[in-house]
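So the chains spell out like this:
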Amino acid sequence: MAGAVPAERRMANDIAANLVHLPGASAAEAVAGHIGRFWDPRMRTRLFDFVDAGADGLDPLVVEAVKLLR
Amino acid sequence: MTLLKEPDFGTPERPGPATVSVEVDGMPVTVPEGTSVMRAAALAGIDIPKLCATDSLEPFGSCRLCVVEIDGRRGTPASCTTPVAAGMSVRTQTPKVEKLRQGVMELYISDHPLDCLTCPANGDCELQDMAGVVGLRQVRYGYEGENHLDAEKDTSNPYFDFDASKCIACSRCVRACGEVQGTFALTIEGRGFDSKVSAGAGETFMESECVSCGACVQACPTSTLQEKSVVELGMPTRSVITTCAYCGVGCSFKAELRGDELVRMVPHKDGGANEGHSCVKGRFAFGYASHPDRMLKPMVREKITDPWREVEWDEAIGTVARRMRELQQQYGSGAIGAITSSRCTNEEVYVVQKMVRAAFGNNNVDTCARVCHSPTGYGLKQTFGESAGTQDFRSVAEADVIMVIGANPTDGHPVFASRMKRRLREGAKLIVVDPRRIDLVRSPHVQAEHHLQLRPSTNVAVVNAMAHVVVTEGLVDRAFVDERCEDFDGWEEFIARPENSPEATEELTGVPAEELRAAARLYAQAPNGAIYYGLGVTEHSQGSTMVMGMANLAMACGNIGRDGVGVNPLRGQNNVQGSCDMGSFPHELPGYRHVSDDAVRTVFENLWGGTILAEPGLRIPNMFDAAIDGTFRGLFVHGEDIAQSDPNLKHVTAALEAMELVVVQDLFLNETAKFAHVFLPGASFLEKDGTFTNAERRINRVRAVMKPKTGKHEWQIVSEIATAMGHPMSYGHPSEIMDEIAQVTPTFTGVSFQLLDKLGSVQWPCNEEAPEGTPIMHVDEFVRGKGRFVVTTFVPTAERSTRRFPLILTTGRILSQYNVGAQTRRTGNVAWHPEDVLELHPHDAEVRGIVDGDMVTLASRVGETRLKAEISDRMPPGVVYTTFHHPVTGANVVTTENSDWATNCPEYKVTAVQVGLARPRRDDGAENDRGRERDELLTVVD
């Protein structure tokens, strides 16, 4: 059903899928950069909470990006 | 202002460097080579009598009223069809030509009703004028001979009448329909005395292919084609030049009034965007501004289940300010925000975002451009360095190959489409990339060289495959790339990979590889290749990637930085470009500068006082999520109907219901207002002073034709809310707001109302380097320095057809309606499009037992609606299509939460659906009532 996937998780995974082609560490940096540049802080906090809760369903690249964002 | 009568030079301008000097009645005049004698005379201040000639049309030489004598030449040539020659001496008034002209007029008048005093065109009739000019004193033939005075009147069009008894068969209407509009709906039927203007094959105007653009009405020299409003109200007596409030073409109009009553809108010849042309919406569909549904008093209520209570402005403004502040005290300063409107002026948008940033103290401001062209802003900024299209509209006249991707200009941007069709008739080639066979693919005198009928959601794969052909077949413009661009090598390696080839992507995209290769070669090898695109590009989960993919392709072929080329978004609403320019996005201040830039924030902080947050705020879909989450409690919605226009309406309405304060400012009590606690009535464009910025970055003046019916300007209301919240904002006139915009926005530093009044319009950037604006961008270098190639990996959408939802729904619009129809459904335009229908392929219909006209259900994983089926082979099997102008469609009931990865622009264009025969319902007979009740549960905004 719509909305079953939390918005921040879906959005972060979409960003990762579109930037994963970048080489090496630059992919995680680009994901972190995009989220940092375009997301309201409360959304980033929710994303951090997903990661802290086990990162269930999150692209590993997002997890890497979150490390940079913190 | 008195009624503005623009000069008519009789025949079109023939621009060119070579000139010719002649004498007309002894007056020397020098004109460009190829200019007609008639035009040269007019430029010398001598008006030669004419009826079949007008300077918007090619000369025809039919009426023989413009005959002249030329020294050394035999006879009396028509001055409209005779070009000037060096040393020519022309005499426009001689006994011989005067006699001839009187003879011509006698013939005309002998077959014309002598009802001038009661004719609606009395005082605005060229036949009447010419009778005076030629000194007609008698009609020797009498009036009893065979004539056309009993010809039947065609009143079928809702906006104009065709009275054939007054027709002089000058063909101006027929030529306007072809040359100006490009529809070719009119013709001259019969021969000799039986010649008569005919719509289609002897049909009425409404039955014919006429698109009601009004070019014929404007061209008619008599009252044969006449606006009904003129018949009803009389000839206007004054005009105000202003800008249309419909699509992103931004046509200039003369609003012609009689007293304070608007009689008609006449496209302005000096309008930079439209140059005297219009469509049915801009010219005729202004009745909504005075529709009885307009709300004119502010209203408040405690709960959305309470009835509305009319209040004075002070109470409404005070309520908004007090409750917004209370929410911030209770939930934090980030608990409130606002949405700006692409239908409002730049000045109004600017004050709304200023209210948010300065008075609300956060960056929670977004605009309806979020749901249409936000990927354009992102994609063009990444590649070219500026969030805007590259060309002016005139540029298309220099294009050799035109590629239209995900746009339907003849319906969505009709006045630009007329320009485009003119160029196609001159021989330019056309490539259409669209799942649907739009009219441009094949219409009178236009046939696309290639129609790449791709599957919805595969745009990126197609543009990558085209670029693959360019790279692997040696079609790259190396000199351009080497000098002007960067990051090419990495992109070249990516795009040349076999998986991007047309053959590899054919199965996915549905586009035959050979056809795609041919199209790519055509575009790449054209001297000038131009790309025009619309929401069929942006409203996808890969919208931003596709914008960058088109930019890559254009750069690789050297198609940037001069006339006839470029990457050009066709913006949906009148001020999409402007609302984005004005700092409506939550991460950008005016001029597309990120809020994290300390130097930029300092400029605004010094001017406004206080502190601007360095963190981005919430986008529209994020606001909805946060509302349901409980962290976002108050929203000011300016001129937008999110409860109709945004996707996954169940989610949207749940968010609106969750908020404690929703403020709606609009012309009408729209769907969103059902969830509002305060309603602030808005002003129509006819009541506004300010500017709109169109799709070509052209800043046009909007001038008030009448005072606001609500008693207050919208910028004034917003300023008073901010002031009541403790942040004083005060302007005496919108020009002062533009002065402030110019003060803080580098691309606008030269813009002022004074400059706009002087030049008519300017295209930004308009500053010290470009004091009169910038028609073409990136001429010598890109705004970002080097054009940047970006790797555009194709990432398929998560939206897939399944056994349960095997079809893909995509959406579009129709000429006569606009957006969710709030304006056009309150005009005579309903005559053309009484309801939305679901187009589906004969195969898809047959396997479901559906026949044309059946009521069907349209269901996705998030919702279901019903509408009428229309069997059509415009789409390939597996794809269904609908417009979104009528409430009963409810397309956003079925659209999903999927969005562009970079900008969150909703993926309106791809929804997996199932279609089935609807069971008859008890209320099917009252479909209109159901529609009215649900009033405007609609769909895609742009």
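Residues numbered from 1 in each chain as written. Chains lettered and ligands numbered in written order. Predicted model: local features only at pLDDT ≥ 70, side-chain atom pairs only at ≥ 80, totals over all residues. Heavy atoms only, no water.

1. Considering the overall build of chain B
Then comes step 1: Along chain B, the regular secondary structure elements total 30 helices and 39 strands.
Then comes step 2: On C-alpha atoms alone, chain B measures out to a radius of gyration of 29 Å, which is about the 30 Å that the 2.2 N^0.38 rule sets for 942 residues.
Then comes step 3: By principal-axis analysis of the C-alpha atoms, chain B measures approximately 90 × 70 × 65 Å.
Then comes step 4: Scored against the burial criterion, the 942 residues of chain B give a buried share of 65%.
Then comes step 5: Taking contacts inside chain B between residues at least 6 apart in sequence as the whole, the part at least 24 apart equals 73%.
Then comes step 6: In the structure as shown, chain B presents an accessible area of about 32800 Å², 49% of it carried by carbon and sulfur atoms.
Then comes step 7: Distance between charge centres in chain B, computed from 94 positive and 126 negative side chains, equals 1 Å. (Helix = DSSP H or I, 4+ residues; strand = E, 2+ residues; numbered from the N terminus. Rg over C-alpha atoms; globule rule 2.2 N^0.38 Å. Buried < 20%, exposed > 50% of the residue type's maximum accessible area, 1.4 Å probe, protein only. Contact = heavy atoms within 4.5 Å. Areas by Shrake-Rupley, 256 points an atom, 1.4 Å probe, with all protein chains shown as cover. Lys, Arg positive; Asp, Glu negative; His and termini not counted. Charge placed at Lys NZ, Arg CZ, Asp CG, Glu CD.)

2. A look at the sheet that holds strand β27 (residues 634-638) of chain B
All names here are of chain B.
Then comes step 1: Overall, mixed pairing links the seven strands, which are arranged β14-β13-β29-β28-β27-β15-β16 in an open sheet. Edge positions in the open sheet fall to β14 (309-310) and β16 (365-367), since each of these has one partner strand only.
Then comes step 2: With three bridges joining them, strand β15 (residues 336-340) and β16 adopt parallel strand pairing. Across the sheet, residue Thr-340 finds its bridge partner in β16, namely Thr-367.
Then comes step 3: Running over the sheet, helix α9 (residues 346-360) touches β15, β16 and β27 and is turned about 170 degrees from β15. (Pairing = 2+ DSSP bridges. Axes fitted to C-alpha atoms, helices over the stretch in contact; angles between N-to-C directions.)

3. Notes on the domain arrangement of chain B
All names here are of chain B.
Then comes step 1: Per the domain assignment, the segments making up chain B are domain 1 (19-133), domain 2 (153-290), domain 3 (299-371 + 575-695 + 708-749), domain 4 (374-569) and domain 5 (807-934).
Then comes step 2: Between the C-alpha centres of domain 2 and domain 5 there is a distance of 31 Å.
Then comes step 3: Three residues, Tyr-246, Lys-281 and Tyr-288, lead the burial of domain 2 against domain 5; their summed loss comes to 41% of the area buried on that side.
Then comes step 4: On inspection of domain 2 and its partner domain 5, the count reaches zero salt bridges. (Domains from an automatic or database assignment. Buried area = accessible area lost by both parts, 1.4 Å probe. Salt bridge = Lys/Arg side-chain N within 4 Å of Asp/Glu carboxyl O.)

4. Looking at empty space enclosed by the protein
Residue and element names in this part refer to chain B.
Then comes step 1: With the rule as written, the count across this model stands at eleven cavities of 30 Å³ or more.
Then comes step 2: For the largest cavity, the calculated volume is near 410 Å³.
Then comes step 3: Lining the largest cavity are 34 residues, and of these Gly-406, Ala-407, Gly-536, Thr-811 and Lys-909 sit closest to its centre.
Then comes step 4: Where the lining of the largest cavity is concerned, the elements lending two or more residues are α11 (409-412), α18 (535-538) and β34 (807-812).
Then comes step 5: Considering every element that reaches the lining of the largest cavity, the biggest residue donor is β34, with three residues.
Then comes step 6: Grouping the amino acids of the lining of the largest cavity by side-chain chemistry returns twelve nonpolar, 14 polar and eight charged. (1 Å grid on protein atoms, 1.4 Å probe; cavity = no way out; pocket = protein on both sides within 12 Å on 5 of 7 lines; lining within 4 Å. Points joined across faces, edges and corners; volume = space filled by probe spheres on them. Nonpolar A, V, L, I, M, F, W, Y, C, P; charged D, E, K, R; others polar.)

5. With respect to the UniProt feature "domain: 4Fe-4S Mo/W bis-MGD-type" (unreviewed entry) in chain B
Then comes step 1: Per the UniProt entry, the sites bearing "domain: 4Fe-4S Mo/W bis-MGD-type" (unreviewed entry) are residues 237-293 of chain B in this numbering.
Then comes step 2: Annotated as residues 237-293 of chain B, this span is 9% helix and 35% strand, and its ends, taken at the C-alpha atoms, are 28 Å apart. (UniProt positions renumbered as here; feature names shortened; annotations may be inferred.)

6. Some remarks on the packing of aromatic side chains
Residues and elements named next belong to chain B.
Then comes step 1: Here the structure, examined in full by the defined rule, presents 21 aromatic pairs over all chains.
Then comes step 2: An aromatic cluster is present here, built from Tyr-159, Phe-160, Phe-162, Phe-205, Phe-284 and Trp-832 joined pairwise through their rings.
Then comes step 3: A cation sits over an aromatic face here: Arg-436 above Tyr-881, 4.0 Å from the ring centre.
Then comes step 4: One cation-aromatic arrangement involves Arg-633 over Tyr-331; the distance from NZ or CZ to the ring centre is 5.3 Å. (Phe/Tyr/Trp six-rings, centres within 6.5 Å; stacked < 30°, edge-to-face > 60°. Lys NZ or Arg CZ within 6 Å of the ring centre and 35° of its normal.)

7. Structural notes on the side chain of Asp854(B)
Residue and element names in this part refer to chain B.
Then comes step 1: Among the structural elements, Asp-854 can be located in the loop between α28 (842-847) and β36 (855-859).
Then comes step 2: Buried charge without a partner: Asp-854 forms no salt bridge, and the closest opposite charge is Lys-868, 9.4 Å away.
Then comes step 3: Among the polar contacts listed, one links the side chain of Asp-854 to the backbone nitrogen of Val-851, at a separation of 2.9 Å.
Then comes step 4: Excluding residues that lie within four positions of it along the chain, Asp-854 makes contacts with Gly-849, Leu-867, Lys-868, Ala-869 and Leu-917. (Polar contact = N/O pair within 3.5 Å; in protein donor to acceptor, adjacent residues only side chain to side chain.)

8. Some remarks on the sheet that holds strand β31 (residues 698-702) of chain B
All names here are of chain B.
Then comes step 1: Read across the open sheet, the three strands follow the order β30-β31-β32; overall the sheet is antiparallel. Edge positions in the open sheet fall to β30 (690-693) and β32 (761-763), since each of these has one partner strand only. On average, adjacent strands in this sheet sit at an angle of 30 degrees to one another, irrespective of strand direction.
Then comes step 2: Here three bridges tie β31 to β32, and the two strands are oriented antiparallel to one another. For Ile-699, the partnering residue across the bridge sits in β32 and is Val-762.

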